[in-house]
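Spelled out from the first residue to the last, the chains are:
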Amino acid sequence: MNLYKYVSEKINEKLGFDAKLEIPRNREFGDFSTNAAMVMARSAGKNPRELATDILPKIQELDFVESASIAGPGFINLKIRDDFLWRAAHTAASITPAATPLVIDMDYGAYNVAKSLHIGHMRTSIVGDVLYRLGRALGHKMISYNHIGDWGRPMGLVIAWIEKLHPDWPFFGVNFDPRGDYSKYTIDPRELDTYYPKASALAKEDEAFLAHAQQITAELQNGHAGYTALYNIFLPIALASMDRTIKSLNIVPFDNDLGERNAAKYTKDVEKILRDKNLLEPSDGAEVVVVKRDEDKKPMPPVMFYNSRGAVTYDATDIMALYYRKKTDNPDKVIYLTDKRQSLHFEQLFRVAELLKMFPADALEHIGYGTINGADGKPFKTRDGNVAELNDIIEMVGVAARERVAESGKKLDDETIDMIALAALKFNDLSHDLRADYIFDPAQITSFEGRTGPYILYTAVRLNSVLRRAGKFATPDTAKFESDERNLIMELLDFDRTVQSAFDSRATDLVANYTYDLCQLINTFYHNCPILREDIPADTRATRLTLVQIATDVLTKALDLMGLKIPNEM
Ligand code: ARG
């Protein structure tokens, strides 16, 4: 239940006026505060305090209001009745479905074949997955796309590199027979990951090599039999290693692993539409779509559709991908999640979609996230100065988590430590403002104290253990609360609202930080309100156990929304 929304709507209904409900920082003076009197006084030309005195009785009449009073220039503070809270608390873990369920295509992950996943793919994976889970929990039809980079320039580079390594392989010859058995030509997955960086470095120095690789990309796209056969050998190897990383991050499997290659199938269809609308223009041997508008203040380059070799570009495949999604899902919204350095690309893409009348501008959304930096404030690098691979990052956090566990003197099995490490990595990522950069520090994020994943997991494990030890208990019909209990209930009743606003504002940090605040209140409650101690009266114990149960339900849901698993012990 969304307590905030409920109270807010009831007050507005009673007053026949739309006022904003505030949650005071200090709850000592009330659970909520409304500025209704002040806003109403302004439009009626009245004194706000007088108007507050007039409407106060109306607010006091509401059945969930325990007391209400006027404060300052005309605020009305109100306190909610405990019996109302107690009943409401039982619905704290339920999420109110969206009033208008939408079909939402989500484009995240979007890894590249033959380029291992690196630190830049971390936020798109973790946050994309959480937005997907949030949307799904709210009843939207979420359709995820792993828009794999499996068709562009890197493919030509990798094939050119393999040709350099194995010039004797049959794929490069003119007499290549596509019906042959090529199963003996295999590539070690570890090796494969090195091809692209090596080829890419060489291409920077060696123009002929670059030109050859570009030629290969164009020919592959046009169905060259040998290159296609070779591509079909390394593609599954690359996809399998991608899948392993996705699994180790506990990400919901993608609904579609349809990337650039799939999109490229619609090249001719889209080309025709562009030509019919006179939107393709020649430019130095290439063909482009002009997306510049008169009012533009910054440079807005045209979108290259075909490059001068006749290959489709990254930009073009995104137009085709939209065309495909429109045709198959007809989504209300398409949300892309990438590094913010791709903002221009998406601005251009959305303009093309508008020109084609494929999607209105507000149906397409790009969320650009910030960079993950090292202690020096520069993009995080490994010790040898390379871009950190995602698998190495996961391993690094695993090592740090092992150290923390050892320091604490706990004896935990490997599976548990892996869960702790994953929680450390993901929670840390989620707790930062998505659009801002942050500093990645494995030692800090694995700490058992502070705003960390391990702290959250520990709280959940502790609640589960209380419930296990308590056994069966009955839920009392009414209850009186101490302040720590009451504070906890108020926070529990803020879960639904948090989920709604986190999704609506695409701000996963709201869920992560809510969870942290909740855990703090749980631990304060746990500390100040003994539960299983012998001198605790039976009804007090039952109330507290019920609270533990509700807190467990909410926390478990929050953790699940963040894609985190709770260990049995910690
Ligand atoms: N594969 C790209 C990269 O790693 C990201 C693709 C994002 N999605 C898209 N539809 N363009 O940078």
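Residues numbered from 1 in each chain as written. Predicted model: local features only at pLDDT ≥ 70, side-chain atom pairs only at ≥ 80, totals over all residues. Heavy atoms only, no water.

**Q** Looking at this structure, how should I read the overall build of the chain?
**A** Helix and strand counts for the chain come out as 21 helices and 13 strands. Within the chain, the proportion of its 570 residues that are buried is 54%. In the chain, of all internal contacts separated by at least 6 residues, the share reaching a separation of at least 24 is 74%. Of the roughly 26,400 Å² that the chain leaves accessible, carbon and sulfur atoms contribute 50%. Taken together, the 69 basic and 82 acidic charged side chains of the chain have centroids lying 2 Å from each other. (Helix = DSSP H or I, 4+ residues; strand = E, 2+ residues; numbered from the N terminus. Buried < 20%, exposed > 50% of the residue type's maximum accessible area, 1.4 Å probe, protein only. Contact = heavy atoms within 4.5 Å. Areas by Shrake-Rupley, 256 points an atom, 1.4 Å probe, with all protein chains shown as cover. Lys, Arg positive; Asp, Glu negative; His and termini not counted. Charge placed at Lys NZ, Arg CZ, Asp CG, Glu CD.)

**Q** Help me out: how do you make sense of the environment of Phe-254 in this one?
**A** Position of Phe-254 among the secondary structure elements: in the loop between helix 9 (225-248) and helix 10 (260-264). For the pair Phe-254 and Ile-11, spaced 243 residues apart in sequence, the C-alpha to C-alpha distance is 43 Å. Look past the residues within four positions of Phe-254 in its chain and what remains in contact with it is Tyr-108, Gly-109, Tyr-111, Ser-144, Tyr-145, Asn-146 and Ile-246.

**Q** Looking at this structure, I do not really get the layout of surface pockets. What am I missing?
**A** One way to see where empty space is left: roll a probe the size of a water molecule over the atoms. The volume enclosed by the second largest pocket comes to roughly 570 Å³. Lining the second largest pocket we find 17 residues, and of these Ile-23, Arg-27, Glu-491, Asp-494 and Asp-517 sit closest to its centre. At the level of elements, helix 18 (483-492), helix 19 (495-504) and helix 20 (508-528) are the ones that each hand at least two residues to the lining of the second largest pocket. With six residues, the top contributor of residues to the lining of the second largest pocket is helix 20. (1 Å grid on protein atoms, 1.4 Å probe; cavity = no way out; pocket = protein on both sides within 12 Å on 5 of 7 lines; lining within 4 Å. Points joined across faces, edges and corners; volume = space filled by probe spheres on them.)

**Q** I would appreciate a short explanation of the site of the ligand in the present structure.
**A** Lining the immediate environment of the ligand, one finds Asp-107, Ala-110, Asn-112, His-121, His-147, Tyr-314, Asp-318, Tyr-336, Thr-338, Gln-342 and Phe-346. Interatomic distance of 2.8 Å between a side-chain N/O atom of Asn-112 and a nitrogen atom of the ligand. In the model, a nitrogen atom of the ligand is placed 2.6 Å from a nitrogen or oxygen of the Asp-318 side chain. Burial of the ligand by the surrounding chains reaches 87%, relative to a free accessible area of 340 Å². Breaking the shell around the ligand down by element, the ones donating at least two residues are helix 12 (314-328) and strand 10 (333-339). Taken together, the residues that form the shell around the ligand break down as four nonpolar, five polar and two charged. (Near = heavy atom within 4 Å. Polar contact = N/O pair within 3.5 Å; in protein donor to acceptor, adjacent residues only side chain to side chain. Nonpolar A, V, L, I, M, F, W, Y, C, P; charged D, E, K, R; others polar.)

**Q** Looking at this structure, I do not really get helix 9. What am I missing?
**A** Side chains of residues three or four places apart in an α-helix project in the same direction, reflecting 3.6 residues per turn. Here helix 9 spans 35 Å end to end across 24 residues, near enough to the 34 Å set by a 1.5 Å rise per residue. Just downstream of helix 9, Asn-250 is the residue with a positive phi angle, here 50°. (Expected span 1.5 Å × (residues − 1).)

**Q** Could you clarify how one ought to interpret the sheet that holds strand 1 (residues 21-22) in this entry?
**A** Adjacent strands of a sheet form backbone hydrogen bonds with each other and so pair up, either parallel or antiparallel. In spatial order, the strands read 1-2-4-3; together these four strands make up an open sheet with antiparallel pairing. With one partner strand each, in any of the chains shown, strand 1 and strand 3 (65-71) form the two edges of the open sheet. Direction of pairing for strand 2 (residues 32-34) relative to strand 4 (residues 75-80): antiparallel, over a ladder of three bridges. Paired with Phe-32 across the bridge in strand 4 is Leu-78. (Pairing = 2+ DSSP bridges.)

**Q** What am I meant to see in the sheet that holds strand 10 here?
**A** Judged by pairing direction, the sheet is parallel, and its four strands sit side by side in the order 6-5-10-11 without closing on themselves. The two strands at the open ends of the sheet, each matched to only one other strand, are strand 6 (141-145) and strand 11 (364-369). Put simply, the sheet's adjacent strands are angled 20° from each other on average, direction ignored. Here strand 5 (residues 103-107) pairs with strand 6 via five bridges, running parallel. Opposite Ile-104, over in strand 6, you have Met-142 as the bridge partner. On the sheet, helix 13 (residues 343-355) packs against strand 10 and strand 11 and is oriented at approximately 180° with respect to strand 11. (Axes fitted to C-alpha atoms, helices over the stretch in contact; angles between N-to-C directions.)

**Q** So what exactly am I meant to see when it comes to empty space enclosed by the protein here?
**A** Under the counting rule described, the total for this entry stands at two cavities of 30 Å³ or more. What lines the largest cavity is simply Asn-112, Ala-114, Lys-115, Ser-116, Leu-117, Asp-193, Ala-238, Ser-241 and Met-242. No other element matches helix 9, which puts three residues into the lining of the largest cavity. The class makeup of the residues in the lining of the largest cavity is four nonpolar, three polar and two charged. The calculated volume of the second largest cavity comes to roughly 40 Å³. Forming the walls of the second largest cavity are Leu-3, Tyr-4, Ile-23, Arg-27, Phe-32, Met-490, Leu-493 and Asp-494. Here the lining of the second largest cavity is built from residues that sort into six nonpolar, no polar and two charged.

**Q** Sorry, what's going on with the packing of aromatic side chains here?
**A** How two aromatic rings sit relative to each other is given by the distance of their centres and the angle of their planes. In total, this model carries 27 aromatic pairs according to the counting rule given. Judged by centre distance (6.0 Å) and plane angle (50°), the rings of Tyr-266 and Tyr-323 are tilted. Taken together, the residues span a long stretch of sequence, with Tyr-266 in the loop between helix 10 and helix 11 (267-276) and Tyr-323 in helix 12 at a distance of 57 residues. Across this residue pair, the class does not change: Tyr-266 and Tyr-323 are buried. For the pair Tyr-266 and Tyr-324, a centre-to-centre distance of 5.5 Å together with 40° between the ring planes defines the contact as tilted. You can see Tyr-266 sitting in the loop between helix 10 and helix 11 and its partner Tyr-324 sitting in helix 12, a full 58 residues away along the chain. An identical accessibility class is assigned to Tyr-266 and Tyr-324; each is buried. Through a chain of ring-to-ring contacts, three or more aromatic side chains come together here, namely Trp-169, Phe-171, Phe-172, Phe-176, Tyr-182 and Tyr-185. Between Arg-497 and the ring centre of Tyr-4, over which it is positioned, the NZ or CZ distance is 5.1 Å. For Arg-506, the ring lying beneath its charged end belongs to Phe-503, and the centroid distance is 4.8 Å. (Phe/Tyr/Trp six-rings, centres within 6.5 Å; stacked < 30°, edge-to-face > 60°. Lys NZ or Arg CZ within 6 Å of the ring centre and 35° of its normal.)

**Q** What is the right way to read helix 1 (residues 3-15) from this model?
**A** Look at helix 1: 18 Å from first C-alpha to last across 13 residues, which is about the 18 Å you get at 1.5 Å a residue. Among the residues of helix 1, Leu-3, Tyr-4, Val-7, Ser-8, Ile-11, Asn-12 and Leu-15 are the ones counted as buried. An end-on view of helix 1 places all buried positions within 155° of arc, on one side of the element. Of the residues trailing helix 1, Gly-16 is marked for its positive phi of about 60°. (Arc of directions from axis to C-beta.)

**Q** Is there a simple way to think about the state of the cysteines in this case?
**A** Here a disulfide denotes a covalent bond joining the sulfur atom of one cysteine to the sulfur atom of another. Counting across every chain of the model gives zero disulfides. Free cysteine: Cys-519, not disulfide-bonded; nearest cysteine sulfur from Cys-529 at 16 Å. (Disulfide = S-S within 2.5 Å.)

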